[in-house]
Amino acid sequence: MKLRIVSMVGLGLLLASAVAAQTKVAGKMQCPKPGVVGTAEAGDQAGHRLTLEKNTCPWSTPMEMVGEKSKDGTYVAFSENSPTRASTRGTLVGSMENGDKFYLNFDWAVVKDGKPKSVIESVKGTWAFTGGTGKLEGIKGKGTYTASEDETGGAVSMEGEYSVPAAAATKTTAQKQN
């Protein structure tokens with residue numbers, strides 16, 4: 001019986017040590033006006049449009065992860081706007097200064113007094129890492145963001161948490177030392 005309890009405690013400690021700790025992360029991107037790939041009216045009601053856009057944004061305040069800083073990010077987003085609702089979903093491919101990449105999905109939706117804002121003053125959304133390369137291979141995490149827009153483009157402030165498997169974080173460092 002004691003052996004079973006000791007084994008279970010040992011297994012629990014082993015599993016707990018294998019799970020990487022969450023680390024806080026934050027950054028800010030300054031984006032130019034996005035390029036619209038295409039827009040179409042849905043046709044079911046006046047003002048209901050679907051838009052696909054793409055943009056590359058530099059980090060004005062880089063995110064720092066596993067000792068590296070983010071450089072820029074390119075996103076592709078799908079937006080749906082109607083007289084009563086606005087929403088966006090997309091994917092961002094971020095580049096770190098050392099060449100590693102991270103991938104994340106993001107989304108937001110706005111309904112205000114039955115009418116969306118005609119110009120996005122500020123929206124809040126969520127994001128989640130979906131993968132990465134190099135030191136960021138196996139990255140997990142999520143967070144929130146606030147975005148604002150004007151005639152010249154927009155700013156996006158992000159914060160959240162991430163973790164990477166210890167092997168990925170040290171693998172690239174070990175390769176550089178050899």
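As the structure is a prediction and not an experimental result, all values here were calculated from the model.

**Thoughts on the pairing of strand E10 (residues 153–163)**
Argument step 1. Burial analysis of E10 places 8 of its 11 residues in the buried class, which makes it a mostly covered element.
Argument step 2. One ladder, built from 11 bridges, connects strand E9 (residues 140–150) with E10; its direction is antiparallel. Looking at the pairing, Glu149 lines up with Gly154 of E10.
Argument step 3. Remark: 2 residues form the turn of the hairpin made by E9 and E10, two consecutive strands paired antiparallel.

**Some words on the confidence of the model for the protein chain**
Argument step 1. For the protein chain, per-residue confidence averages 83 on the pLDDT scale, and residues scoring 70 or more make up 76% of the total.
Argument step 2. Within the protein chain, helix H1 (residues 2–18) has the poorest average pLDDT of any element, 38, and strand E4 (residues 64–65) the best, 97.
Argument step 3. Scored below 50 in pLDDT, residues 1–19 shows 0 contacts in the model against residues more than four places distant or in partner chains.

**A word on unusual backbone geometry**
Argument step 1. At Val66, a residue that is not glycine, the phi angle is positive and equals roughly 40°.
Argument step 2. As for its placement among the helices and strands, Val66 is situated in the loop between E4 and strand E5 (68–81).

**Topic: the packing of aromatic side chains**
The geometry of an aromatic ring pair is captured by the separation of the ring centres together with the interplanar angle, meaning the angle of the planes.
Argument step 1. Taken as a whole, this structure holds 4 aromatic pairs when the rule is applied.
Argument step 2. Note on Phe106 and Tyr145: the rings are 6.2 Å apart at their centroids and 90° apart in plane angle, and the pair reads as edge-to-face. Note that Phe106 is positioned in strand E7 (residues 101–110) and Tyr145 in strand E9, a separation of 39 residues in sequence. Here Phe106 matches Tyr145 in class, with each residue buried.
Argument step 3. Among the aromatic side chains, those forming a connected cluster through ring pairs are Tyr75, Phe106 and Tyr145.

**Description of a nonpolar patch on the surface**
Argument step 1. On the surface, Val37, Leu52, Val76 and Phe78 cluster together into a nonpolar patch covering about 330 Å² of accessible area.
Argument step 2. Following the sequence through the fold, Leu52 ends up in strand E3 (residues 49–61).

**Overview of the nonpolar core**
Argument step 1. Met65, Phe102, Leu104, Phe106, Trp127, Phe129 and Tyr145 are the most contacted members of the largest nonpolar core, which totals 28 residues.
Argument step 2. Mapped by element, the contributors of at least two residues to this core are strand E1 (23–32), E3, E5, strand E6 (86–96), E7, strand E8 (123–132), E9 and E10.
Argument step 3. With 5 residues, E7 is the single largest residue contributor to this core.
Argument step 4. With sequence-adjacent residues up to four places away left out, Phe106 is seen in contact with Tyr75, Val76, Ala77, Thr88, Arg89, Gly90, Thr91, Leu92, Thr126, Trp127 and Tyr145.

**Regarding the pattern of salt bridges**
Argument step 1. Applying the stated rule across the entire model yields 3 salt bridges.
Argument step 2. With a shortest N-O distance of 3.2 Å, Glu161 and Lys24 are connected by a salt bridge. Residue Glu161 is located in strand E10, and its partner Lys24 is located in strand E1; the two are separated by 137 residues in the primary sequence.
Argument step 3. Lys135 serves as the salt-bridge partner of Glu68, at 3.0 Å between the closest nitrogen and oxygen. Placement of the pair is Glu68 in strand E5 and Lys135 in the loop between E8 and E9, with a sequence separation of 67 residues. By the burial criterion, Glu68 is buried, and Lys135 matches it.

Cut-offs used in this document
- Residues numbered from 1 in each chain as written.
- Predicted model: local features only at pLDDT ≥ 70, side-chain atom pairs only at ≥ 80, totals over all residues.
- Heavy atoms only, no water.
- Buried < 20%, exposed > 50% of the residue type's maximum accessible area, 1.4 Å probe, protein only.
- Helix = DSSP H or I, 4+ residues; strand = E, 2+ residues; numbered from the N terminus.
- Pairing = 2+ DSSP bridges.
- pLDDT = per-residue confidence, 0-100.
- Contact = heavy atoms within 4.5 Å.
- Phe/Tyr/Trp six-rings, centres within 6.5 Å; stacked < 30°, edge-to-face > 60°.
- Patch = residues over 30% accessible without salt bridge, like charges linked within 9 Å, V, L, I, M, F, W, Y side chains within 5 Å.
- Areas by Shrake-Rupley, 256 points an atom, 1.4 Å probe, with all protein chains shown as cover.
- Salt bridge = Lys/Arg side-chain N within 4 Å of Asp/Glu carboxyl O.
- Core = buried A, V, L, I, M, F, W, Y, C linked by side-chain atoms within 4.5 Å.

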